[in-house]
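Listed here are the chains, written in short residue letters.
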Amino acid sequence: MPRPLSQAPHISGRLPQDHADRPISQADAPPVSTFAPAPRRHAGRSARAWKPKHVYFTAAAWQEEHGRRIAERLAKLGVEYEVMSANRLPKLGGATTRETYRKAKNTLAIVNAPAGQFKLTPIPPSADWQFHLAKGCPAHCQYCYLAGSLPGAPVTRAYANLDQILDNLAAYIDPHRALTTFEASCYTDPLGIEHLTGSLSRAITWFGEQSDARLRWVTKYDDVSPLLNLPHNGQTRCRISLNADWVTQRLEGGTADLEARLVAMRKLTDAGYRVGAVLAPLMPFDNWRVDYGDLLDQLRNTLDDGADLTFELITHRFTPGSKEILLDWYPNTSLDFDEERRSKKLNKFGSHKFVYPREQMKELKEWFTERIARDFPEAEVLYFT
Ligand code: SF4
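Conventions we followed
Residues numbered from 1 in each chain as written. Predicted model: local features only at pLDDT ≥ 70, side-chain atom pairs only at ≥ 80, totals over all residues. Heavy atoms only, no water. Helix = DSSP H or I, 4+ residues; strand = E, 2+ residues; numbered from the N terminus. Buried < 20%, exposed > 50% of the residue type's maximum accessible area, 1.4 Å probe, protein only. Contact = heavy atoms within 4.5 Å. Areas by Shrake-Rupley, 256 points an atom, 1.4 Å probe, with all protein chains shown as cover. Pairing = 2+ DSSP bridges. Axes fitted to C-alpha atoms, helices over the stretch in contact; angles between N-to-C directions. Near = heavy atom within 4 Å. 1 Å grid on protein atoms, 1.4 Å probe; cavity = no way out; pocket = protein on both sides within 12 Å on 5 of 7 lines; lining within 4 Å. Sits in = over half its atoms within 2 Å of the grid points. Nonpolar A, V, L, I, M, F, W, Y, C, P; charged D, E, K, R; others polar. Points joined across faces, edges and corners; volume = space filled by probe spheres on them.

Moving on to the overall build of the protein chain. If you tally the helices and strands in the protein chain, you get 11 helices and 17 strands. Put simply, the protein chain has 385 residues, and 52% of those count as buried. Put simply, of all contacts in the protein chain between residues at least 6 apart along the chain, 80% involve residues at least 24 apart. Accessible area of the protein chain: about 17,700 Å², with a carbon and sulfur share of 51%.

Judged by pairing direction, the sheet is mixed, and its eight strands sit side by side in the order β4-β5-β9-β10-β11-β13-β14-β17 without closing on themselves. Strands with a single pairing partner mark the edges of an open sheet, and in this sheet they are β4 (121-123) and β17 (380-384). Strand-to-strand, the axes of this sheet are offset by a mean angle of 30°, without reference to chain direction. Two elements, strand β14 (residues 309-315) and β17, share four bridges in a ladder whose sense is parallel. What sits directly across from Phe311, in β17, is Val381. Running at roughly 155° to strand β10 (residues 213-219), helix α6 (residues 199-208) makes contact with β9 (180-183), β10 and β11 (236-242) of the sheet.

The subject of this paragraph is the site of the ligand. Neighbouring the ligand are Cys137, Ala139, Cys141, Tyr143, Cys144, Tyr145, Leu146, Asp189 and Lys220. According to the grid-proximity analysis, the pocket containing the ligand is the largest pocket. Grouping the amino acids of the shell around the ligand by side-chain chemistry returns seven nonpolar, no polar and two charged.

Burial along β9 is two-sided: the face carrying Thr180 and Phe182 and the face carrying Thr181 and Glu183 are both buried. As judged from the two bridges shared by strand β5 (residues 127-130) and β9, these two strands associate in the parallel manner. Residue pairing for β9: Gln130 is matched across the bridge by Glu183. Across four bridges, β9 lies against β10 in parallel orientation. If you follow Thr181 over to β10, its bridge partner there is Arg214.

To continue, consider the side chain of Ser241. Its location among the elements puts Ser241 in strand β11. Setting aside residues no more than four positions away along its own chain, Ser241 makes contact with Val218, Thr219, Lys220, Arg261, Val278 and Ala280.

Across the sheet, five strands lie side by side as β2-β1-β3-β8-β6; this open sheet has mixed pairing. Bordering the open sheet on either side are β2 (82-83) and β6 (134-135), each of which pairs with just one other strand. Here strand β1 (residues 54-57) pairs with strand β3 (residues 107-111) via four bridges, running parallel. The residue bridging Tyr56 from the neighbouring strand is Ala109, located in β3.

The next subject is the layout of surface pockets. Rolling a probe over the atoms, with the probe sized like a water molecule, indicates the empty space that remains. Of the voids in this model, the largest pocket is the one considered here, and its volume is about 1,700 Å³. Around the largest pocket sit 48 residues that line it, and Ile123, Tyr145, Cys186, Ile314 and Arg317 are the ones nearest its centre. When residues of the lining of the largest pocket are traced back to their parent elements, those giving at least two are β10, β11, β13 (274-282), β14 and β16 (352-355). A per-class count over the lining of the largest pocket returns 22 nonpolar, 17 polar and nine charged.

The structure is reproduced here in structure tokens:
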């Protein structure tokens, strides 16, 4: 359907507080739609539910109510686990980096979030505060931003002291503002481990009881079935990380394919959730305009006009540290790590990252913002970086 051209969407360094993220009640939430998505070839390839080979509970995590809930889930799924007598995890002991990586990506540790995590830190431009349900992720994205951010082998650690983590958030809700936002996916993909932990469902339910706080999380997985009947009350924005097929098929091992993610997004909007598209990492590969245009067309076909939708646009970047780790983990990657083709960007701590040169950034920004303004006049672009 042809759409009117509109002005470029608002781009800001902070989440807008006055429109897309205003608090709403369940009664305000969009009604369940009868819209049938355009016929598609298939429902996509779902991500396989992760079944870790090694699961450990620390002694402290085993004492937590949520730790026991996780244990019950594991038992139902037929996943064996071991309870440690102390709060240390066994050494992985891989002979090579690749072997350690493989073991770590097959290991789930149930631990308590340390005391330091109860002092939240801001996370602009995504949200006011970040908090964590887990750190680590079972997927194998060859650009993963966790490489270099999380120390050691990439074991997934899920937190058992979830009830305290959620209670602690109340102290960060600003009573002088209509809405305080919390990001839960800085160091994990919470949906990728939801079948094992149930933590995301509990967080969504907790936010559903707050009138002045909103949860934000993002995923590359697609099994949203546990979330569809939760009392979210419009207080959660579920974002789906989307990319052109060229990127998804080459670089995002273990995740759902594009079709399956779009189906999941549609289910979330039908369940009354606010949604978001995180287009990341954007890469100016050959024919990127055509492939990203296809992606946006598919997204348009998935959602109703007027869906409560935001966009976040994040270009690919890497640090010297993340490059080294990622090349160790994925020595045959087709990802372009050529520093000669990038600009060096310093941060306030004196370290640097490599981003696309200014001209390329400008081109990407203009193309995406114009295209989104044309095809998604109802949506808001929260930021481009
Ligand atoms: S899904 Fe996200 S967190 Fe998980 S490996 Fe991929 S980029 Fe990393």
